[in-house]
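So you can see what is in the structure, the chains are spelled out below.
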Amino acid sequence: MNKNHTTQHGSWSSGWAFVLAATGSAVGLGNIWKFPYITGENGGGAFVLVYLVCIAVIGIPIMMAEVLLGRRGRATPINAMRTLIVEASASRFWKIIGWMGMIAGFLILSYYSVIAGWALSYVTKSALGEFSGASAEFVGATFDELVSSPLSLLFWHTLFMFMTMFVVARGVEHGLEKAVRFLMPALFILLIVMVGYSLNSGGFAQGASFLFSPDFSKLSWTGVLIAMGHAFFTLSLGMGAIMMYGAYLPPQASIAKTSFLIAGADTLVALLAGIAIFPIVFANNLQPGVGPGLIFNTLPIAFGAMPGGVFFGTLFFILLVFAAWSSAISLIEPMVTWLVENRDQSRFKASLIAGVLTWALGLGTVFSFNLIADVKMYDSTFFDLLDFLTSNIMLPLGGLLIAIFAGWLLPHIMSLDELNLDTRAYSLWRFLVRYVTPIAVLVVFVNVTKIYKIFGF
Ligand code: PHE
């Protein structure tokens, strides 16, 4: 084997560091904020089932493909693709994987930061005991008050962007991975505490049946697209984040094992969040389909009622902010590294440029919850449209291109060598990336009329 894995950014000391970094990227708002609300909007069980199937047959194989491309390309996504294109004698077109990913990360962070800002503001609200003994009405009104105030949202969005760019500018994100080692287990335990509360909330049976009994009459093709898009979003796939971390994976570490571990942890966190939230929804006669405010309208009710709720509530939102933080860093890192390596910027200046641009675009999301809430394009607010374009179009498209590149263009011997699997497992992986992912993404795209509307045909 002729592999030289020392990148200019150094190498992880063991596979564990990669697992922690990638888990830090994967577990975030997607699991705790987005998964419950889109499940609520799309009718529950059937949506959850499609999401789980997508994780298993598309998400895990694409994660393996991204890690292998990253480890083989040994650089940030755009530069890694450049190397791989030479190795595979492929057309320069394939650099689009790096480019589109970098842009997707930037677009996603612009709204991700606004939502992370909500979580930040809930840290202070919980710590001040605002939710002690609060009714569902009060909790709902508190959320409405927050999002209807452009200034509050702006403040928290700015603070979160600042936190993110501060870490990125110093290039100390590997320090954050050390934090992931403690934060993930803590988040886990806290979610279990909340599931415990939900068990006794009076809505458990209804919540569990909403999540786990599929009723396909409630699921539209758009719902299927959202479930598939979310499989990419929640695992940080289709935009090069995992590829970037894969560049640091030591050669002897197993790509399959690490991918299963990351995807397993990520899925577990999402399901626990769902099991904690939906019983509260039903016990309080709330609507599962209220949208992006779902967790902020429900969890504080639980914290307000449980013993030690101020402590648990504050801790929960702190952990949520940390989870969002480690994801946010991976969203913007490809752009910052690109500016450093290809545009000769200092790391500080690159972070400043990327941060200011992302912050400015985030204003669109800030205002889409208040000042321009009524301005709709294709039935969506600015935030909804941006989320749709990135999670449901750009990431699956990126995943499709990665699947084709890794499955069809990269010489067979290279993927075999990198993945180091037995023949049956390798053939299964290859079948999934060559056929299943591309066909699934195309079939779903073709069936969603909103896509035709947006692209004008
Ligand atoms: N996976 C992250 C989450 O679930 C979001 C993310 C998407 C991060 C794409 C990086 C790349 O919150």
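Look a little higher up for the structure.
A quick note: this is a predicted structure, and the numbers were derived from the prediction, not measured.

Looking at the overall build of the protein chain
Now for step 1: Regarding its fold elements, the protein chain presents 19 helices and 0 strands.
Now for step 2: Against the globule reference of 23 Å for 457 residues, the protein chain gives a C-alpha radius of gyration of 21 Å, in line with a compact fold.
Now for step 3: In terms of its C-alpha atoms, the protein chain occupies a principal-axis envelope of roughly 65 × 50 × 45 Å.
Now for step 4: Taking all 457 residues of the protein chain together, 61% fall into the buried category.
Now for step 5: Surface summary for the protein chain: the accessible area is close to 17,300 Å², and the carbon and sulfur share equals 67%.
Now for step 6: Averaged over its 23 positive side-chain charges, the protein chain has a centre that lies 11 Å from the centre of its 21 negative ones.

Side note on the side chain of Ser-327
Now for step 1: Position of Ser-327 relative to the elements: it lies in helix α14 (residues 309-342).
Now for step 2: The exposure class assigned to Ser-327 is buried, which follows from its relative accessible area of 4%.
Now for step 3: Polar contacts involving the side chain of Ser-327 include one to the main-chain carbonyl oxygen of Ser-25, which spans 2.9 Å.
Now for step 4: Non-local contacts of Ser-327, meaning those with residues more than four positions away in its chain, are made with Gly-24, Ser-25, Val-27, Gly-28 and Tyr-112.

Details of the site of the ligand
Now for step 1: Close to the ligand lie 14 residues; Ala-26, Gly-30, Tyr-112, Phe-233 and Ser-236 are nearest.
Now for step 2: In this structure, a nitrogen atom belonging to the ligand sits 2.8 Å away from a main-chain N or O atom of Phe-233.
Now for step 3: Elements supplying a minimum of two residues to the shell around the ligand: α1 (15-26), α2 (29-41), α10 (221-234) and α14.
Now for step 4: Class assignment of the residues belonging to the shell around the ligand gives a composition of 6 nonpolar, 8 polar and no charged.

Some details on the packing of helix α4 (residues 77-87) against helix α5 (residues 96-127)
The description of two packed helices rests on the angle between their axes and on the distance between the axes.
Now for step 1: One way to put it is that α4 packs onto α5 with a least axis distance of 8 Å and a crossing angle of 170 degrees. Comparing their axes, α5 and α4 come out roughly antiparallel. Of the residues in α5, those touching α4 at Pro-77, Ile-78 and Met-81 are Ile-97, Gly-98, Trp-99 and Met-102.
Now for step 2: When its residues are assigned to classes, the contact of α4 with α5 shows 6 nonpolar, 1 polar and no charged.

Looking at a nonpolar patch on the surface
Now for step 1: A contiguous nonpolar surface patch, about 690 Å² in accessible area, is contributed by Trp-221, Trp-408, Leu-428, Phe-431, Tyr-435, Ile-439 and Val-443.
Now for step 2: Broken down by element, the nonpolar patch gets its largest block of residues, 5 residues, from helix α18 (residues 423-447).

Some points on the packing of helix α12 (residues 255-283) against helix α13 (residues 294-305)
Now for step 1: α13 packs onto α12 with a crossing angle of 80 degrees between their chain directions and a minimal axis gap of 9 Å. Classified by the angle between their axes, α12 and α13 sit roughly perpendicular to one another. Along the contact surface, α12 presents Ile-277, Phe-278, Ile-280 and Val-281, while α13 presents Leu-294, Ile-295, Thr-298, Leu-299, Ile-301 and Ala-302.
Now for step 2: In terms of residue class, the contact of α12 with α13 is built from 9 nonpolar, 1 polar and no charged.

Side note on the pattern of salt bridges
Pairing between side chains of opposite charge can happen when the charged atoms of each approach one another.
Now for step 1: Under the counting rule described, the total for this entry stands at 6 salt bridges.
Now for step 2: Ionic pairing is found between Lys-34 and Asp-387, a salt bridge with its closest N-O pair at 2.9 Å. In this pair, Lys-34 is assigned in helix α2 and Asp-387 in helix α16 (residues 382-409), connecting sequence segments 353 residues apart.
Now for step 3: Its relative accessible area of 3% is what places Lys-34 among the buried residues.

Digging into the nonpolar core
Now for step 1: Membership of the largest hydrophobic core comes to 169 residues, with the highest contact counts inside it found for Trp-118, Phe-316 and Phe-405.
Now for step 2: Here this core takes 18 residues from α5, the largest share from any one element.

Examining α12
Now for step 1: With 29 residues, α12 extends 43 Å between its outermost C-alpha atoms, agreeing within 8% with the 42 Å of an ideal straight helix rising 1.5 Å per residue.
Now for step 2: Across the 29 residues that make up α12, a large majority, 21, are buried.
Now for step 3: Among the residues of α12, the N-terminal cap falls to Ser-254, whose side-chain oxygen and the backbone nitrogen of Ala-256 are separated by 3.4 Å.
Now for step 4: Phi turns positive, to about 55 degrees, at Asn-285, one or two residues after α12.

A word on unusual backbone geometry
Now for step 1: Residues other than glycine seldom take positive phi values, yet Asp-344 does so here, at roughly 60 degrees.
Now for step 2: For Asp-344, the location among the structural elements is in the loop between α14 and α15 (347-368).
Now for step 3: Unusually for a residue other than glycine, Asn-420 sits at a positive phi of about 55 degrees.
Now for step 4: With respect to the helices and strands, Asn-420 occurs in the loop between α17 (412-419) and α18.

Scoring rules and cut-offs
- Per chain, residue numbering runs from 1 following the sequence as it is written.
- Only residues with pLDDT of at least 70 get local features here, since the model is predicted, and only at 80 or more are side-chain atom pairs given and counted; chain-wide, interface and lining totals rely on the full set of residues.
- Hydrogens are left out, water is left out, and the side-chain values use all remaining heavy atoms of the structure.
- Strands are runs of DSSP state E lasting at least two residues, helices are runs of H or I lasting at least four, and both sets are numbered from the N terminus onward.
- Radius of gyration means the value over C-alpha atoms here, while the globule rule gives 2.2 Å times the residue count to the 0.38 power.
- Burial classes: relative accessible area under 20% of the type maximum marks a residue as buried, over 50% as exposed, and values in between as partly exposed (1.4 Å probe, protein chains only).
- Note on areas: these come from Shrake-Rupley sampling with a 1.4 Å probe, and a residue is covered only by the protein chains present in the view.
- By the counting rule applied here, Lys and Arg register as positive and Asp and Glu as negative, while His and the ends of each chain are not counted.
- Just so you know, the charge point we use is NZ for Lys, CZ for Arg, CG for Asp and CD for Glu.
- Polar contacts, as counted here, are pairs of nitrogen or oxygen atoms within 3.5 Å of one another; within protein the pair requires one atom able to donate a hydrogen and one able to accept it, and residues that are adjacent in sequence qualify only if both atoms are side-chain atoms.
- Should any heavy atoms of two residues lie within 4.5 Å, those residues are counted as being in contact.
- A cutoff of 4 Å decides nearness: a residue is near a molecule or strand if any of its heavy atoms lies inside that distance of it.
- All amino acids are sorted into three groups, where Ala, Val, Leu, Ile, Met, Phe, Trp, Tyr, Cys and Pro are nonpolar, Asp, Glu, Lys and Arg are charged, and the leftover types, Gly among them, are polar.
- Here, axes are lines fitted to C-alpha atoms. For helices the fit covers the stretch in contact, and angles between N-to-C directions go from 0 to 180 degrees.
- We call two directions roughly parallel when the angle between them is under 35 degrees, roughly antiparallel when it is over 145, roughly perpendicular when it lies between 65 and 115, and oblique otherwise.
- Patch rule: a residue counts if its relative accessible area is over 30% and it has no salt bridge; like charges are joined within 9 Å, and nonpolar side chains (Val, Leu, Ile, Met, Phe, Trp, Tyr) within 5 Å.
- Think of a salt bridge as a Lys or Arg side-chain nitrogen and an Asp or Glu carboxyl oxygen that are within 4 Å of each other.
- We define a nonpolar core as any set of buried Ala, Val, Leu, Ile, Met, Phe, Trp, Tyr and Cys residues linked to one another through side-chain atoms lying within 4.5 Å.
- In a helix, the anticipated span is given by 1.5 Å times the number of residues less one.

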